[in-house]
Every structure is written in C-alpha cells, then in structure tokens.
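Coordinate analysis (summary)
Residues per chain, in single letters:
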Amino acid sequence: MTETVEAVLMTGLGRPLERRRFPSPRPRPGGAVLETIASEVCGTDVHLHHGRLSGVPYPIIPGHVSCGRVLETNGPLLDVEGRAIETGMLVTFFDVFGTCGNCWHCLVAKAATRCPHRKVYGITTSAEDGLLGGWAERIEILPGVRVLPLPYGIEPLDFMGGGCGLPTGFHAVERAGIAMGDTVVIQGSGPVGLNAAIFAQLAGAARVFVVGAPQARLNAAKRLGAEDVLDIARVPEPGDRAKWVHERTAGRGVDVVIEASGNPSAVPEGLEMLRDAGHYVVVGQYTDAGDATVNPHRQINRKHATILGCWGFEFTHLYRALEMMARYNARFRWRDLVTREYRLEEAGQALEDMERLAVIKAVIRP
Ligand SMILES: [Zn+2]
Ligand SMILES: [Zn+2]
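Summarised in this report is the structure supplied together with it. (Residues numbered from 1 in each chain as written. Chains lettered and ligands numbered in written order. Predicted model: local features only at pLDDT ≥ 70, side-chain atom pairs only at ≥ 80, totals over all residues. Heavy atoms only, no water.)

By way of backbone hydrogen bonds, the strands of a sheet pair with one another, either parallel or antiparallel. Ordered by their spatial adjacency, six strands build an open sheet running E12-E11-E10-E13-E14-E15, and the pairing between neighbours is parallel. At either margin of the open sheet sits one strand with a lone partner, and together these are strand E12 (228-231) and strand E15 (306-309). Across the sheet, the mean angle from the axis of one strand to that of its neighbour is 15°, orientation sign disregarded. Bridging between strand E13 (residues 254-259) and strand E14 (residues 274-282) involves five bridges; their strand directions are parallel. The residue bridging Ile-258 from the neighbouring strand is Val-281, located in E14. On the sheet, helix H7 (residues 238-247) packs against strand E10 (183-187), strand E11 (207-212), E12 and E13 and is oriented at approximately 170° with respect to E12. (Pairing = 2+ DSSP bridges. Helix = DSSP H or I, 4+ residues; strand = E, 2+ residues; numbered from the N terminus. Axes fitted to C-alpha atoms, helices over the stretch in contact; angles between N-to-C directions. Contact = heavy atoms within 4.5 Å.)

Here it is in structure tokens:
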C-alpha cells in the first residue's frame, strides 16, 4: 500500500475548498520533499478564491510561502552559499521558479519579476503537476527551486509572521529609495504594509505613519514603531486624511509614500500626502481592482513626483529580508503577527477570516 498525504485544493472561482489525498511524493533528481510545518494564508489566496488573478491553472494547492523540514533530497542540494541542504533541516524556499534568465524581460529590461516563464508555487502551479503549494502535508521542491535554511534563532512561526509580506515590503522599501531621516507614510496596514513600516525604519526613516484599518492592525503598526496611525474607518474623508499627514509635516507632506492597500483610490489620496519631489511606490494593487483618477498637473508634473510600481520579489529580496529578520527579530517579533493558526480542514475558515480582516497573519499548520 502506498502512503498518502493530504492536501487542500482550490478548484475554481468561489467553489468550496476540497481535501484530497495524494501519493506521498518522492523527490525528483535535484529536488527534495519537505514535511510542511506552516504555510501562509494571505490576501493573494482570497483573490485566488474569487478568481481575480488571470492564468491560474485550477485546481491548485494554495500556500505560496511556506516552511518545512527536509524529509528527503535526491542528489546534492546546495543553498546559495554552497552549503549542503540536509535531511532534517528547517527551511523555506523561494516560491518563484522558472524565471528563464534568457528572455527580453530577463536580459534587456533586467525585470526578472516580469519574465513570462516565471511560475509561482501555490498560484500558477496546478495540483495536476504535484504538491506545489503549502496547504498540504508535504511540499515537492522541484529541481532548480532555491531552498533557504532558516537562519540560526529563527523558527518557522517567526518566518511565517513575515510571510510573503516580508520580501514584498522589503522590495517596496528598496524601490522607494528611502534616505536617512526621511518621513514615510504607509497606506495599508496588512502584512505588506506592516513589513514596509519595519523596513522603512531599518532603511533610515526617522518617522513612519501608517494609514489603514482595522484597529488591531494599527495597534500592531504602533508596536512595530509607527510614530502615529490613522484609522480610515474613523476618518472616511480622503481630504481629511491628507490633512492629517500635512499637519505632521509642516504642511509639506512626506518624503515617501508606499501604497500597500489594494484600493485604487488610495493612489490619488496618497499623492496628496506626498511632498514636492517625493517618491511614491505602488505595491498594493496586486489585482485589477479598477481605475482611479489622478490630476497629472497638480499631483505628478508640478509636484515633480517620482512614481514607481513594484511587482513581486526576487530571490535577493527574500534572502536579504530573512537576514534582516535574523538580526532584528528581538525588536520586531514577527511571530506576534500570527494571530491565528489553522489545521488543513480549517482552511476555508482561514480564508474567510483573512477576507474580513479578522486576523493579521493566518497560518496553516498541516
Ligand atoms: Zn525570462
Ligand atoms: Zn502571500
């Protein structure tokens, strides 16, 4: 009798999740198999469940950022420093694979996150192709997927407290080009916004303001070092929110705004919070939630603004963000952002809780 393992499948737009058993996987040459310890439930999974992302090969096993213990490898497997990945190690892995390094996007534009061959665990991988998502008892590490051992002192739940928001927030801060002493507004207090608030400070920002909701997430922002927070539910008028920022910056606005809210109307609102010649980074519009109207004269041209998009993250962001977590975990305690853990059979509940923002970071523990 072959051993089987359980996984949760998302079969399509709005359909209930299914649990299915799969034959226990064996590693392909150059690959590995992990025993899943934890996998995240993030906003992406909610979007996936609503069919808001194009090109998703349902049925999929969700869970794109995960942690596990190495059960088995097939052939030598090395981390990026050349150290052997061995059975029993606690690891995570870069969820993106297949980036070709050989196309126009990779070679000419040097925009690897826009490579058309890029695939992502738990998002663009079908359950027909194997256990390629974290909502399962095992995860198959395909040949070429970059595995990272968790640094000394970092446990799976510390890492999962950051989740995909960790490298995404890191990347957004890198794009923003924050200088020492800068003032920063983060729009959105979800995991990406909270990690952006952390990395903005580590990049040298003197003052960070977080505009978001609900209160529990804003409390987390304060704990993580935000000087002040604004609850958008209490201040519903965008003009009043911009005024709140201007009152705290001598009427000028902030040097940098990072949009991590997912709401298109946050963009014109955030441009009003930006000082002349400031930098504005859009990282929150991961799905197409619609259009927004900006005033190109007042908000961009005359303001002399720099506006940047930020799509996905590269291995370098995950690697360096993890190094920063290892160094600063005592200060930021990422693990405290995990406000609830769920078993595989509770995945549907986890999605619901995520959608109504009842949790900060939800984690599946198979
Ligand atoms: Zn490419
Ligand atoms: Zn995610």
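Moving on from the coordinates now.
Donor atoms from the polypeptide that bind the zinc ion (ligand 1) are Cys-100 (SG), Cys-103 (SG), Cys-106 (SG) and Cys-115 (SG), placed at 2.3 to 2.4 Å. Geometry at the zinc ion (ligand 1) is tetrahedral, judged from the four donor atoms that bind it and their angles of 103 to 118° at the metal. In terms of primary sequence, the donors binding the zinc ion (ligand 1) are separated according to C-x2-C-x2-C-x8-C. Placement of the pair is Cys-100 in the loop between strand E6 (96-97) and helix H2 (104-107) and Cys-115 in the loop between H2 and strand E7 (119-120), with a sequence separation of 15 residues. (Donors = N, O, S within 2.8 Å, 3.2 Å for Na, K, Ca; no water. Tetrahedral: all angles 85-135°; square planar, octahedral: opposite > 155°, others 65-115°.)

Right, let's talk about the coordination of the zinc ion (ligand 2) for a bit. Here the zinc ion (ligand 2) is held by Glu-40 (OE), Cys-42 (SG), His-64 (NE2) and Cys-164 (SG), and the distances to it run 2.0 to 2.3 Å. Bound by four donor atoms, the zinc ion (ligand 2) shows angles of 86 to 124° at the metal and therefore tetrahedral coordination geometry. Between consecutive donors of the zinc ion (ligand 2), the numbers of intervening residues give the motif E-x1-C-x21-H-x99-C. With Cys-42 in the loop between strand E3 (32-41) and helix H1 (43-49) and His-64 in the loop between H1 and strand E4 (66-73), this residue pair connects regions lying 22 residues apart in the sequence. A residue is classified by how much of its surface remains accessible, and His-64, at 5% relative accessible area, is buried. (Buried < 20%, exposed > 50% of the residue type's maximum accessible area, 1.4 Å probe, protein only.)

Those residues of H7 that fall on the buried side of the exposure criterion are Arg-241, Ala-242, Trp-244 and Val-245. All buried residues of H7 fall inside an arc of 150° around its axis, so they share one side. Facing away from the buried side of H7 by over 90 degrees, the exposed positions are Lys-243 and Glu-247. Here the buried face of H7 lies against E10, E11, E12, E13 and helix H8 (266-273). (Arc of directions from axis to C-beta.)

Applying the stated criterion to the full structure yields 24 salt bridges. Ionic pairing is found between Glu-227 and Arg-207, a salt bridge with its closest N-O pair at 2.9 Å. With a gap of 20 residues between them, Glu-227 in the loop between helix H6 (215-223) and E12 and Arg-207 in strand E11 connect regions that are remote in the sequence. Glu-227 sits in the partly exposed class, given a relative accessible area of 38%. Since its relative accessible area comes to 25%, Arg-207 is described here as partly exposed. A salt bridge links Glu-341 to Arg-365, with the nearest nitrogen and oxygen atoms 2.9 Å apart. (Salt bridge = Lys/Arg side-chain N within 4 Å of Asp/Glu carboxyl O.)

Estimated volume of the second largest pocket: approximately 200 Å³. In terms of lining, the second largest pocket is formed by 15 residues, of which the most central are Asp-79, Glu-81, Arg-83, Pro-149 and Glu-323. Per-element accounting of the lining of the second largest pocket gives the leading share, four residues, to helix H10 (residues 315-332). In the lining of the second largest pocket, the residues fall into eleven nonpolar, no polar and four charged. (1 Å grid on protein atoms, 1.4 Å probe; cavity = no way out; pocket = protein on both sides within 12 Å on 5 of 7 lines; lining within 4 Å. Points joined across faces, edges and corners; volume = space filled by probe spheres on them. Nonpolar A, V, L, I, M, F, W, Y, C, P; charged D, E, K, R; others polar.)

For the rest of this paragraph, the subject is the packing of helix H4 (residues 165-176) against H10. The relative placement of two packed helices comes down to the angle between their axes together with the axis-to-axis distance. Where H4 contacts H10, the two axes come as close as 9 Å, and the packing angle between them is 100°. Relative to H10, the element H4 is oriented roughly perpendicular. For the pair H4 and H10, contact is made by Leu-166, Pro-167, Phe-170, His-171 and Glu-174 and by His-317, Leu-318, Arg-320, Ala-321, Leu-322, Met-324 and Met-325, respectively. Tallied by class, residues from the contact of H4 with H10 come to eight nonpolar, two polar and two charged. (Parallel < 35°, antiparallel > 145°, perpendicular 65-115°, else oblique.)

This next bit is on the pairing of E15. Inspection of the sheet shows E14 paired to E15 by four bridges, in the parallel sense. Pairing of Val-282 across the sheet is with Gly-309, part of E15. Assessed by its sense of winding, the connection that carries the chain from E14 through helix H9 (residues 296-301) to E15 is right-handed. (Right-handed = clockwise from strand over helix to strand, strands pointing away.)

Geometrically, a pair of aromatic rings is defined through the distance of the ring centres and the angle of the planes. Evaluation of the coordinates by the stated rule reveals ten aromatic pairs. Ring centres of Phe-209 and Trp-244 lie 5.8 Å apart, and the angle between their planes is 80°; this geometry places the pair in the edge-to-face category. With Phe-209 in strand E11 and Trp-244 in helix H7, this residue pair connects regions lying 35 residues apart in the sequence. Take Phe-209 and Trp-244: they sit in the same class, and that class is buried. Lying over the aromatic face of Tyr-328, Arg-327 brings its terminal NZ or CZ to 4.9 Å of the ring centre. (Phe/Tyr/Trp six-rings, centres within 6.5 Å; stacked < 30°, edge-to-face > 60°. Lys NZ or Arg CZ within 6 Å of the ring centre and 35° of its normal.)

Bringing the environment of Gly-12 into the picture now. Within the fold, Gly-12 resides in the loop between strand E1 (4-9) and strand E2 (18-23). Here the alpha-carbon distance between Gly-12 and Pro-59, two residues 47 residues apart in the chain, equals 6.5 Å.

What follows deals with the pairing of E10. A large share of E10 lies buried, amounting to five of its five residues. Because side chains alternate across E10, one face comprises the buried residues Thr-183, Val-185 and Gln-187, and the other comprises Val-184 and Ile-186, equally buried. With five bridges joining them, E10 and E11 adopt parallel strand pairing. Across the sheet, Thr-183 pairs through a bridge with Arg-207, a residue of E11.

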